[in-house]
Amino acid sequence: MIRLRGICRDYPVGDQVVHALDKVDLDIGPGEYISIMGPSGSGKSTLLNVIGLLDRADAGTYELEDRNVAELDDDELAALRQQQIGFIFQSFHLISRMTALENVELPMVLAGKAPKARRERASEMLDKVGLGPRMSHRPDQLSGGERQRVAIARSIVMHPSVVLADEPTGNLDTKSGAEIVAILEALNAQGLAVLIVTHDPNLGGRAKRSIGMVDGRIAIDERRSPT
Amino acid sequence: MRIPDVLRLSGQAIRRYPLRSSMLLLAISIGVASVIALTAVAEGARRYITGQFAELGTNMLVMLPGRSDTSGGGLVGMLIGETERDLTLDDAIAIDQSPYVERVTPIVIGTGAASYRSRVRDTTVIGANAVFQDIQSWQLAAGRFLPQTDLDTLNPVCVLGSVVAGELFAGNEPIGEWIRIGDTRCRVIGVLAGAGQTGLFDSNELVVVPVANAQQLFNSPSLYRILIETTDPSRIEAARRNVIDIVRRRHQGYEDFTVITQDAILTTFNDIFGVVTAALAGIAGISLIVAGILIMNVMLVAVSQRTSEVGLLKALGATRRQILALFLAEASGLSLLGGLIGYAVGQTAAFAARVSYPIIDFHAPYWAAAAGVGVAVASGLVFGILPARRAAMLDPVEALTK
């Protein structure tokens, strides 16, 4: 599904060039559950942004569903992002002036879906993350865990093939964090590929496949046999 | 993205920042309102003044001393010692002989001190004849107007404006009383109804005497104007040439006077007020450009306030064009709303002015109202492009970390 070969991403920092990603090779199949761990500055987030088509690689090839993304223009990338990829952020990134339902509808609004269909689909997704009764609340009326659940509902509303989560529990207490992880794992169990970037070894250890990054390279890539 | 969704999303953004949005609306609406209010005043003044001249009637010619045409003749005439001749009562009498001419009213204007017993008042004194009442459409409150006599006949009578009559006589019956104007005495035979400004004069504040008496009073043979009523409005141009011919012959072949038609006066005033209206609209329009710069400023702030939101939209699959459309819709929505508010305020001001001064029809011309709102929306769009482009070009990774 996802195939990275020799991916490099450099950033100029002052006079020097930092290799955020240094010849990364990675294959991700459908329905995988992967954690990416590593120290700060090891390139985890950059890898996530490249996979999520928010950032372009300086070198190497990236094929998503057998399409070489380097050949796509901005609009095609936007469309691919919309259809294939869901994002979950550490800071939720909900729009504060919209209700939970409207936030979840947003990807479908951008995709031009009809109001009735998208409202049904969005409330279905909110039910799925257990927020059905609070769908007309605005983000500032929701707890952190609830906000992240809204964000998860938003990330899956377009039926993506992979959800990319960047420190999804970073701003949450342990209990809410565990609920979020449970929801993500339930989604994974239904066949959705989940890629989590995290500092938390407990969370990282739960994934079926752990990737460890150091200095822009993949240092560890191990699969746990299902227990 | 569907158009209703674009409008809804940008509407939400406008409502999200009420202070910022209302300041912007205020600026734009002031611009549009002033375009409408100022052009309404200019247009009202134009209609008022041309209306005054229209009362003269289409068969009227007005003769005044001096050439209005300054190209050639004037300077040469001055160098060779030619002096401008006044129009005289004899000119008026000669014009009256023309077959094209129905009636003639020579007019003399000056000021004089009118007194009755111990009361004295400075007032406008108009020398005219009986015809003048028709031309001015004056109504009498009491007595009668100047009698029909030959133009050069002296007749010591006068007709008072209502205010002059009230102040000189303080409630006593003026008809039949003798008043003094300057060095001459005359008997009051009529008082005008207080109609205020009619035609070219304020009928409240004047004294009308026979033209020959006025010339004697001011000790001058010259006329201010000669109003000429022609027999047939359709042959006004022939009448004009004929009248010019008559007076030129009397002035040794020099055309040192001007004859204008009501049409020419109306055209001139329309032209002048057209320029005034356009100039006022232009000045007010500048405030709309200033409002446009404000829109740009506000939208730039909006873009930096919502940088992370733009990043999110991009992550959710928004194209550059969609982001551009959202911010442009917000800028033009604000300017359209401001334009409509300004339109309402401007029209309300014009309406209030019409109620307060019913004599003048304050109405903004349609082009000014349309241009006011149009320029507001256009400046919203034009000045919104730069901020919207900036939003559309944001790098999603950087934007998301803001």
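The model shown is predicted, which means the values in this text are computed figures rather than measured ones.

Within chain A, the regular secondary structure consists of seven helices and 10 strands. Expected size for 227 residues packed as a compact globule is a radius of gyration near 17 Å; at 17 Å, chain A falls within 12% of this value. The principal-axis extent of the C-alpha atoms belonging to chain A is close to 50 × 40 × 40 Å. The buried share of chain A, reckoned over its 227 residues, is 47%. Contacts spanning at least 24 positions in sequence make up 69% of the contacts within chain A whose residues lie at least 6 apart.

For the rest of this paragraph, the subject is the environment of Val188(B). Tracing the sequence through the fold places Val188(B) in strand S7 (residues 184-192). Taking the C-alpha atoms as reference points, Val188(B) and Glu173(B), separated by 15 residues in sequence, lie 10.0 Å from one another.

Moving on, we come to the interface of chain B and chain A. Residue-level contacts link 19 residues of chain B with 22 residues of chain A. At the level of secondary structure, the elements contributing two or more residues to the side of chain B that touches chain A comprise helix H1 (3-16), helix H10 (307-315), helix H11 (320-356) and helix H13 (396-401) of chain B. A per-element tally of the side of chain B that touches chain A places H10(B) first, with five residues. Taken together, the residues of the side of chain B that touches chain A sort by class into nine nonpolar, five polar and five charged.

What follows covers the sheet that holds strand S8 (residues 193-197) of chain A. All names here are of chain A. The six strands lie next to each other as S6-S7-S8-S3-S9-S10, forming an open sheet whose pairing is mixed. With partners counted over all chains shown, the strands left at the sheet margins are strand S6 (85-88) and strand S10 (217-223), one partner each. Direction aside, neighbouring strands of the sheet carry axes that sit 15° apart on average. Where strand S9 (residues 209-214) meets S10, six bridges bridge the pair, whose relative direction is antiparallel. Considered in S10, the bridge of Ile211 is made with Asp221. Taken strand by strand, helix H1 (residues 44-51) contacts strand S3 (33-37), strand S7 (162-166), S8 and S9, and its axis lies near 150° from that of S8.

Before going further, it helps to examine the packing of helix H2 (residues 18-54) of chain B against helix H9 (residues 262-305) of chain B. Residue and element names in this part refer to chain B. Orientation of H2 relative to H9, taken along the N-to-C sense of each, is 175°, at an axis distance of 9 Å. In terms of axis orientation, H2 runs roughly antiparallel to H9. Class assignment for the residues of the contact of H2 with H9 results in 25 nonpolar, nine polar and three charged.

Attention now goes to H1(B). A rise of 1.5 Å per residue sets the reference length of H1(B), with its 14 residues, at 20 Å; its end C-alpha atoms lie 20 Å apart and thus fit the reference within 8%. For H1(B), every residue scored as buried is listed here: Asp5(B), Leu9(B), Ser10(B), Ala13(B) and Ile14(B). On its buried face, H1(B) is in contact with helix H3 (100-110) of chain A together with H2 and H11 of chain B.

Leaving glycine aside, a negative phi is the common case for residues, and trans is the common case for peptide bonds. In this structure, Leu53(A) takes a positive phi of about 65° despite not being glycine. Classification of Leu53(A) by C-beta neighbours within 10 Å gives buried; the count is 26.

Let us look at the nonpolar core. Formed by 127 residues in total, the largest nonpolar core has its most connected members in Leu126(A), Ala153(A), Val194(A), Leu195(A), Ile36(B) and Phe327(B). Per-element accounting of this core gives the leading share, 13 residues, to H2(B). Excluding residues within four positions of it along the chain, Phe327(B) makes contact with Met299(B), Val303(B), Gly384(B), Pro387(B), Ala388(B) and Ala391(B). In this structure, Ala114(B), Tyr116(B), Leu227(B) and Val259(B) belong to the second largest nonpolar core, which totals 48 residues.

Below, the discussion takes up the pairing of S8(A). Residues and elements named next belong to chain A. With five of five residues buried, S8 lies mostly within the body of the structure. Residues Ala193, Leu195 and Val197 line one face of S8 and the alternating positions Val194 and Ile196 line the opposite face, and both faces are buried. Bridge count between S3 and S8: four bridges; the pairing is parallel. Paired with Ile36 across the bridge in S8 is Val197. Sheet topology places S7 next to S8; five bridges connect them, and they run parallel. Counted as the bridge partner of Asp166 is Val197 from S8. Following the chain from S7 across helix H6 (residues 174-189) to the adjacent parallel S8, one finds a crossover that is right-handed.

What follows concerns the sheet that holds strand S2 (residues 16-28) of chain A. Residue and element names in this part refer to chain A. Spatially, the four strands line up as an open sheet ordered S2-S1-S4-S5, and their pairing is antiparallel. Each end of this open sheet is capped by a strand with a single partner; those strands are S2 and strand S5 (67-68). Strands in contact with H1 are strand S1 (2-13), S2 and strand S4 (59-64); relative to S2, the strand with the most contacts, it is inclined by about 60°.

Here we take up the packing of H3(A) against helix H4 (residues 115-128) of chain A. Residue and element names in this part refer to chain A. Taken N-terminus to C-terminus, the directions of H3 and H4 make an angle of 125°; their axes are 9 Å apart at the nearest point. Comparing the axis directions of H3 and H4 gives the class oblique. For the crossing formed where H3 meets H4, the hand is right-handed. Facing Ala100, Leu101, Val104, Glu105, Met108 and Val109 of H3, the residues of H4 in contact are Arg118, Arg119, Arg121, Ala122, Ser123, Met125 and Leu126. Each residue belonging to the contact of H3 with H4 can be placed in one class, and the counts come to eight nonpolar, one polar and four charged.

All names here are of chain B. Residue position: Asp202 is located in strand S9 (residues 201-202). The partly exposed category is assigned to Asp202, around which 14 C-beta atoms lie within 10 Å. Between the C-alpha atom of Asp202 and that of Thr124, which follows or precedes it by 78 residues, the distance is 9.5 Å.

With that out of the way, let us pick up the confidence of the model for chain B. Averaged over chain B, the pLDDT score is 87; the fraction of residues at 70 or greater is 94%. This complex was scored by the predictor with a pTM of 0.73 and an ipTM of 0.93.

How each quantity is defined
- Residues numbered from 1 in each chain as written.
- Chains lettered and ligands numbered in written order.
- Predicted model: local features only at pLDDT ≥ 70, side-chain atom pairs only at ≥ 80, totals over all residues.
- Helix = DSSP H or I, 4+ residues; strand = E, 2+ residues; numbered from the N terminus.
- Rg over C-alpha atoms; globule rule 2.2 N^0.38 Å.
- Buried ≥ 20, exposed ≤ 12 C-beta atoms within 10 Å, placed from the backbone.
- Contact = placed C-beta atoms within 7 Å.
- Nonpolar A, V, L, I, M, F, W, Y, C, P; charged D, E, K, R; others polar.
- Pairing = 2+ DSSP bridges.
- Axes fitted to C-alpha atoms, helices over the stretch in contact; angles between N-to-C directions.
- Parallel < 35°, antiparallel > 145°, perpendicular 65-115°, else oblique.
- Expected span 1.5 Å × (residues − 1).
- Core = buried A, V, L, I, M, F, W, Y, C linked by C-beta atoms within 7 Å.
- Right-handed = clockwise from strand over helix to strand, strands pointing away.
- Left-handed = near helix turned anticlockwise from the far one by under 90°.
- pLDDT = per-residue confidence, 0-100.

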